Structures are given as structure tokens and as C-alpha cells.
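Spelled out from the first residue to the last, the chains are:
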Amino acid sequence: MLQYYWHPDNQGTTVHFLLSGTAECVSSLRGINYFGTEARTVNNIECQRWDKQEPHSHPFSKGFLGLPASEHENYCRNPDMSDKPWCYTVNTTVRSQYCNISQCKKSK
């Protein structure tokens, strides 16, 4: 299991998360550790690749969550502590949207 660290601000706050597979569900608050392959928004719009700046430019093209942007492909992610995973879209009139990813079932 690989462990990555993400520093969401310059105040020394560190959010820990684990890259432990490709579960197709959200298992943490806000889905920060979601590394699945969902690539469509709640309105079924295809996600833009994170390493591309078209049709929407954004600050995440170099990388985030401990990985180069190219490794995130066009999958839904939460690089900025939003409410849940989201993506930029390939639709020129819709910049970004949340993705519809289910919550993981808790093990007993």
C-alpha cells in the first residue's frame, strides 16, 4: 500500500490519504481517497483529462493527490476538498460537475 500526503494549504495542515486500490466507491469523507475509474458527471457528461487545459483551463494539470495529472486520466477526483469527487467536463458550456459515486458499504 502506498501512502501519500497532501497539503491543502500553507498553514501546515496535512490531510493523509491512502492509495490502496481502485474501489469504485467513496470510503472517506468527501471522497478524497477515491481513485476509481468513474469518468462521467451526475449529468452523464464525459470528464476532461486532468493533464489537459482544453476546453477548460485549471490549476491541476501538473498533478495532485501525490500523482502526476496524467495518472488521473479523466477520472472523477477531489483535489480541492470539495464536497465530493468531481471533474472538469469536455462540454464547453459546463466547466465542472460532481460525479455520482456511491458510498462504500461498511464492513461489519
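Residues numbered from 1 in each chain as written. Predicted model: local features only at pLDDT ≥ 70, side-chain atom pairs only at ≥ 80, totals over all residues. Heavy atoms only, no water.

Visitor: Any chance you could explain the overall build of the protein chain here in plain terms?
Guide: Per the secondary structure count, the protein chain includes zero helices and six strands. Listed by position from the N terminus, the elements making up the protein chain come as β-β-β-β-β-β. Every one of the 108 residues in the protein chain was classed for burial, and the buried ones make up 41%. Surface accessibility of the protein chain: about 6,600 Å² in total, with carbon and sulfur atoms responsible for 47%. (Helix = DSSP H or I, 4+ residues; strand = E, 2+ residues; numbered from the N terminus. Buried < 20%, exposed > 50% of the residue type's maximum accessible area, 1.4 Å probe, protein only. Areas by Shrake-Rupley, 256 points an atom, 1.4 Å probe, with all protein chains shown as cover.)

Visitor: Sorry, what's going on with the confidence of the model for the protein chain here?
Guide: Interpretation of this model should avoid reading the predicted coordinates in detail wherever pLDDT is low. In this model, the protein chain carries an average pLDDT of 82, and 77% of its residues clear a pLDDT of 70 or more. Predicted confidence for residues 1–21 stays below pLDDT 50, and this span has 43 contacts to residues more than four positions away or in other chains. (pLDDT = per-residue confidence, 0-100. Contact = heavy atoms within 4.5 Å.)

Visitor: Sorry, what's going on with the environment of aspartate 51 here?
Guide: Tracing the backbone through its elements, the reader meets aspartate 51 in the loop between β2 (15–19) and β3 (63–64). Here aspartate 51 falls in the partly exposed class, since its relative accessible area comes to 26%. A C-alpha to C-alpha distance of 4.4 Å links aspartate 51 and serine 61, two positions ten residues apart in sequence. When neighbours within four sequence positions are excluded, aspartate 51 is seen to be in contact with Ser61, Ala69 and Ser70. A polar contact is formed between the side chain of aspartate 51 and the side chain of arginine 49, at a distance of 2.9 Å. (Polar contact = N/O pair within 3.5 Å; in protein donor to acceptor, adjacent residues only side chain to side chain.)

Visitor: For this particular structure, what's the right way to read the side chain of arginine 77?
Guide: Within the fold, arginine 77 resides in the loop between β4 (67–68) and β5 (86–88). Glutamate 24 provides the closest opposite charge to the buried, salt-bridge-free arginine 77, at an N-O distance of 7.5 Å. Only 3.0 Å separates the side chain of arginine 77 from the side chain of histidine 72, close enough to count as a polar contact. With residues up to four places along the chain from it excluded, the contact list for arginine 77 reads Tyr34, Phe35, Gly36, Trp50, Phe64, Leu65, His72, Pro85 and Trp86. (Lys, Arg positive; Asp, Glu negative; His and termini not counted. Salt bridge = Lys/Arg side-chain N within 4 Å of Asp/Glu carboxyl O.)

Visitor: Is there a simple way to explain the side chain of serine 82 in this structure?
Guide: The residue serine 82 is located in the loop between β4 and β5 in this model. In terms of polar contacts, serine 82 uses its side chain to reach the side chain of aspartate 80, at 2.6 Å. Engagement of the side chain of serine 82 in a polar contact is seen with the side chain of tryptophan 86, the distance being 3.5 Å. Setting aside its immediate chain neighbours within four residues, serine 82 contacts Arg30 and Tyr98.

Visitor: Whenever I open this one, the pattern of salt bridges confuses me. Can you help?
Guide: Any two side chains of opposite charge can pair if their charged atoms end up close together. Counting across every chain of the model gives two salt bridges. Between aspartate 83 and arginine 30 there is a salt bridge, and its shortest N-O distance comes to 3.8 Å. Separated by 53 residues along the polypeptide, aspartate 83 in the loop between β4 and β5 and arginine 30 in the loop between β2 and β3 bring together distant segments of the chain. In this structure, arginine 49 engages aspartate 51 in a salt bridge whose closest nitrogen and oxygen atoms are separated by 2.9 Å.

Visitor: Help me understand the nonpolar core in this model?
Guide: Nonpolar side chains in soluble globular proteins tend to end up buried together. Residues Trp50, Phe60, Cys76, Cys99 and Ile101 are the most contacted members of the largest nonpolar core, which totals 17 residues. No other element matches β5, which puts three residues into this core. (Core = buried A, V, L, I, M, F, W, Y, C linked by side-chain atoms within 4.5 Å.)

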